[in-house]
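# Analysis of the macromolecular model
What follows is the residue order along each chain.
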Amino acid sequence: MQEIELKFLVPEYKVDSLMRQAKIKSSNTTQLAAHYYDTVDNTLAQAGMALRIRKEGDTWVQTLKSNGDGMASRGEQNDILDDSKVTEALESDSLYPDLSVYEQLGVEQMVLNSSQEEVSDRLNCLYITDVERTTRMIKGSDGVIEMAYDEGTVIHGENSEISQPILEVEFELLEGEVSFLFEVAKTWCKRYNLCLSTVTKAERGGLLLAGKQHAEATKANLKQLDFDKKVSQPEFIRAVIHNCMIQILPNASAIAAGSTDGDHVHQLRVGIRRLRTALKFFDGFSSQLNPEWTPILKQTFGLLGDYRDHELLEVKTQPMLETKGGPYVDWSEERDAIKIKPIDAIRAPDFQITLLELMEYTMSSSKKDKPKQKGSAKQETAKIMESLYKKISKASDQFASLDIEAQHDVRKRLKSLRYISEFVSPMYKNKKTKAFLKYLEPAQEVLGDYNDDIVGQAFYRQKTETDPNAWFAVGYFTAQESHAALVCAESLKVIKDAPKFW
């Protein structure tokens with residue numbers, strides 16, 4: 001069975017008003033106690049699975065979940081257990097999953113392969129979730145949705161004193177169109193400032209065991225891009241946006257939940273930049289793209305950039321200058337003075353609604369979607385790459401003499417060519433695309449460092465108004481600028497020899 005649901009974090013100041021809509025006459029409140037199982041080395045979690053035994057009302061249910069599409073859809077198999085046997089097992093502290101029901105999935109063999117020991121000695125109850133769930137039905141002409149508000153804790157399996165709170169709301173489509181699910185979710189999101197969450201209860205348990213608040217930042221995973229070389233333009237743009245979203249959503253979820261890790265901010269910006277590249281260059285591939293997405297993504301990207309730039313001053317630029325003999329410059333006041341923090345930018349309703357609309361778009365059918373031009377995606381993307389390639393090659397001869405803004409445009413084109421080359425890679429032989437990208441990546445790194453120095457120079461120049469120590473950095477970057485621009489030009493010239501694959 002495939003479940004389609006959306007999960008949200010609930011801000012504490014909205015809990016009371018949300019509960020007034022959740023606890024209506026027809027709602028139902030139950031206590032859910034779930035025992036989650038895995039091997040010590042997390043064999044199931046690494047395979048994208050979660051195995052639990054949970055009491056749902058008066059019934060004990062064993063459930064195996066799988067990752068699904070990485071966004072709203074997950075695989076789920078439920079098996080009702082014998083109540084008397086479960087009660088007996090609980091009394092003897094021997095409750096254990098029945099793996100024989102997953103014979104076709106090979107779960108038992110997967111667990112066996114993690115050790116030479118017997119299966120019964122390998123799966124452990126790693127953590128328990130104790131949740132009060134309030135559910136109600138939301139019915140419309142286009143479907144039925146179950147809304148579930150969960151409040152409780154996830155508890156360490158070996159030490160009950162170690163726990164973390166759970167406060168979330170889920171919307172699961174029971175009947176009807178996916179569009180109805182998103183329509184309802186957007187309404188509730190606007191009303192109660194809900195924020196999308198990708199963290200399952202199983203993942204919460206895993207983080208608890210690891211002593212972490214948030215998962216590691218999610219990078220782009222091109223292996224999840226899968227389509228035929230003859231893919232249509234509407235199918236292609238949906239696949240690309242989906243790939244961008246499975247990088248964006250986990251990082252946005254972590255930031256909305258309170259992460260201040262610069263890696264989450266950085267990888268979210270990378271995901272948004274990849275998405276903006278797709279929306280810009282493939283805008284003619286679909287008649288159903290919403291032009292309102294781009295300005296909201298651009299604004300959020302910029303707000304995150306302000307935070308990221310100040311972080312780089314502290315963790316990269318200033319330490320580098322000190323190795324050159326520069327004096328210490330304190331940037332904490334400027335960082336703290338940033339009015340809109342990453343968590344504010346991500347929790348903003350317009351950004352959350354945009355994420356929901358993008359998710360809905362990727363899950364929509366492409367059959368009635370008409371591109372603006374004829375031809376396959378492969379043909380049209382080849383034209384786009386050729387145009388970018390020619391502009392970058394031309395700029396390599398004059399990069400050092402260009403003004404800062406024009407240099408920045410070259411850098412953006414280089415990034416766009418790289419991202420597009422990655423997006424189209426399933427259409428071509430893997431070795432050829434990898435060979436081409438090897439020519440692009442060094443130049444992108446050099447131009448990226450050059451841009452960081454330009455940005456840093458501007459910050460330090462402004463800082464001289466309050467701290468004379470900043471003059472060292474201004475002098476250093478000024479002295480390096482001409483040489484650094486020439487190095488960038490040379491790195492771009494190498495791209496002229498890159499083996500084009502299109």
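The residue numbers shown here count from 1 along each chain, following its written sequence. Confidence filtering applies because this is a predicted model: local features only for residues at pLDDT of at least 70, side-chain atom pairs given and counted only at 80 or more, and all residues used for totals across whole chains, interfaces and linings. Neither water nor hydrogens contribute to the side-chain values; these are computed over all heavy atoms in the structure.

### Looking at the overall build of the protein chain
- A run of H or I in DSSP becomes a helix once it reaches four residues, and a run of E becomes a strand once it reaches two; helices and strands are each numbered from the N terminus. If you tally the helices and strands in the protein chain, you get 16 helices and nine strands.
- Each principal axis of the C-alpha atoms in the protein chain carries an extent, and together these give about 80 × 60 × 55 Å.
- By definition, residues are in contact when any of their heavy atoms lie within 4.5 Å. For the protein chain, restricting intrachain contacts to residue pairs at least 6 apart in sequence, the fraction spanning at least 24 positions comes to 74%.
- Per element, the accessible surface of the protein chain, about 24800 Å² overall, is 48% carbon and sulfur.
- We count Lys and Arg on the positive side and Asp and Glu on the negative side, and we leave His and both chain ends out. Positions of charges follow a simple convention, taking NZ of Lys, CZ of Arg, CG of Asp or CD of Glu. Distance between charge centroids for the protein chain: 10 Å, based on 64 positive and 76 negative side chains. Using the Shrake-Rupley algorithm and a 1.4 Å probe, accessible areas are obtained, with residue cover drawn only from the displayed protein chains.

### Some points on the environment of K65
- Following the sequence through the fold, K65 ends up in strand β4 (residues 59-66).
- Discounting chain neighbours no more than four positions away, the residues touching K65 are E3, G48, M49, A50, R52, R74, G75 and E76.
- In terms of polar contacts, K65 uses its side chain to reach the side chain of E3, at 3.0 Å. Nitrogen and oxygen atoms within 3.5 Å of one another constitute a polar contact, given that in protein one can donate a hydrogen and the other can accept it, and given that sequence-neighbouring residues count only through two side-chain atoms.

### Topic: the pattern of salt bridges
- Salt bridge, as used here, is a side-chain nitrogen of Lys or Arg placed within 4 Å of a carboxyl oxygen of Asp or Glu. Under the definition given, this model contains 27 salt bridges.
- Close ionic contact of E76 with K65 constitutes a salt bridge, the shortest N to O distance being 3.4 Å. Note that E76 is positioned in strand β5 (residues 73-80) and K65 in strand β4, a separation of eleven residues in sequence.
- For each residue, the accessible area found with a 1.4 Å probe, counting protein chains only, is set against the maximum for its type, and the residue is called buried under 20%, exposed over 50%, and partly exposed in between. In this structure K65 comes out as buried when scored by relative accessible area, which is 12%.
- One network of salt bridges, with partners in common, ties together K7, R133, D150, E168, E170, K201 and R204.

### Here we look at the nonpolar core
- Formed by 100 residues in total, the largest nonpolar core has its most connected members in L6, F8, F171, L194, F236, M245 and F282.
- Setting aside its immediate chain neighbours within four residues, F171 contacts I4, E5, L6, F8, I138, I145, E146, M147, L181, V184, W188 and L194.
- We define the nonpolar core as a collection of buried residues of types Ala, Val, Leu, Ile, Met, Phe, Trp, Tyr and Cys that are connected through side-chain atoms lying within 4.5 Å of one another. In terms of nonpolar packing, the next biggest core, distinct from the first, is built from 15 residues, L44, M49, L51 and L64 among them.

### Observations concerning the pairing of strand β1 (residues 2-9)
- Across the eight residues of β1, seven count as buried, placing the element largely inside the fold.
- Pairing of β1 with β5 involves three bridges; the strand directions are antiparallel. Counted as the bridge partner of E3 is R74 from β5.
- Pairing between two strands is assigned when DSSP locates at least 2 bridges connecting them. Looking at chain direction, β1 and strand β8 (residues 163-176) are connected through five bridges and run antiparallel. Looking at β8, one finds that K7 is bridged to E170.
- Judged from the two bridges that link them, β1 and strand β9 (residues 195-196) form a sheet pairing that is antiparallel. What sits directly across from F8, in β9, is L196.

### A look at helix α5 (residues 178-192)
- Taking 1.5 Å of rise per residue, the 15 residues of α5 would be expected to cover 21 Å, and the 21 Å separating its terminal C-alpha atoms lies within 8% of that figure.
- Listed in full, the buried residues belonging to α5 are F180, L181, F182, V184, A185, K186, W188, C189 and Y192.
- Immediately beyond the C-terminal end of α5, within one or two residues, lies N193, with a positive phi of roughly 55°. A helix is expected to span 1.5 Å multiplied by its residue count minus one.

### What to know about the packing of helix α8 (residues 262-281) against helix α9 (residues 293-323)
- What counts as an axis is a line fitted to C-alpha atoms, over the stretch in contact for a helix, and the angles between N-to-C directions run from 0 to 180 degrees. Interhelical geometry of α8 versus α9 gives an angle of 150° and a closest axis separation of 10 Å. Here α8 is positioned roughly antiparallel relative to α9, judged by the angle of their axes. Considering the relative orientation of α8 and α9, their crossing is left-handed. Within the contact between the two elements, α8 uses G262, V265, H266, L268, R269, I272, R273, L275, R276 and L279 and α9 uses W293, T294, L297, K298, T300, F301, L304, G305, Y307, R308 and E311.
- Tallied by class, residues from the contact of α8 with α9 come to ten nonpolar, five polar and six charged. An angle below 35 degrees is read as roughly parallel, one above 145 as roughly antiparallel, one from 65 to 115 as roughly perpendicular, and any other as oblique. Crossing handedness follows the turn of the near helix against the far one: under a right angle anticlockwise gives a left-handed crossing, and clockwise gives a right-handed one. In this classification, the charged set is Asp, Glu, Lys and Arg, the nonpolar set is Ala, Val, Leu, Ile, Met, Phe, Trp, Tyr, Cys and Pro, and all remaining amino acids, among them Gly, are polar.

### Description of the packing of helix α13 (residues 377-395) against helix α14 (residues 404-423)
- With their axes 10 Å apart at the nearest point, α13 and α14 run at an angle of 145° to one another. Where α13 crosses over α14, the handedness of that crossing is left-handed. Residues I384, M385, L388, Y389, K391, I392 and A395 of α13 pack against V410, R413, L414, S416, L417, I420 and S421 of α14.
- Of the residues contributing to the contact of α13 with α14, the split by class is ten nonpolar, two polar and two charged.

### Looking at the side chain of E5
- For E5, the position within the fold is in strand β1.
- Buried charge E5 goes without a salt bridge, the closest partner of opposite sign being K7 at 4.4 Å.
- Non-local contacts of E5, meaning those with residues more than four positions away in its chain, are made with A72, E170, F171 and E172.

### Regarding unusual backbone geometry
- In this structure, D93 takes a positive phi of about 55° despite not being glycine.
- Position of D93 relative to the elements: it lies in the loop between α3 (83-91) and α4 (107-112).
- Not every positive phi belongs to a glycine, and N193 is a case in point at roughly 55°.
- Tracing the backbone shows N193 in the loop between α5 and β9.

### Thoughts on the packing of aromatic side chains
- Pairs were defined over the aromatic rings of Phe, Tyr and Trp, the Trp ring being its six-membered one, requiring ring centres within 6.5 Å. Orientation was assigned from the angle between planes: stacked under 30 degrees, edge-to-face over 60, tilted for the rest. One pass over the full model with this rule turns up 22 aromatic pairs.
- Between W188 and Y192, the ring centres sit 5.4 Å apart and the planes meet at 45°, which makes this aromatic pair tilted. Within this pair, W188 and its partner Y192 are both found in helix α5, separated by four residues, close to a single helical turn.
- The class for Y192 is buried, based on a relative accessible area of 5%.
- An aromatic cluster is built from F227, F236, F282, F285 and F423, whose rings are joined through pairwise contacts.
- Directly above the ring of Y428 sits K378, whose terminal nitrogen or CZ lies 4.7 Å from the centroid. Counted as over-ring charges are cases with an Arg CZ or a Lys NZ within 6 Å of the ring centre that also lie within 35 degrees of the ring normal.

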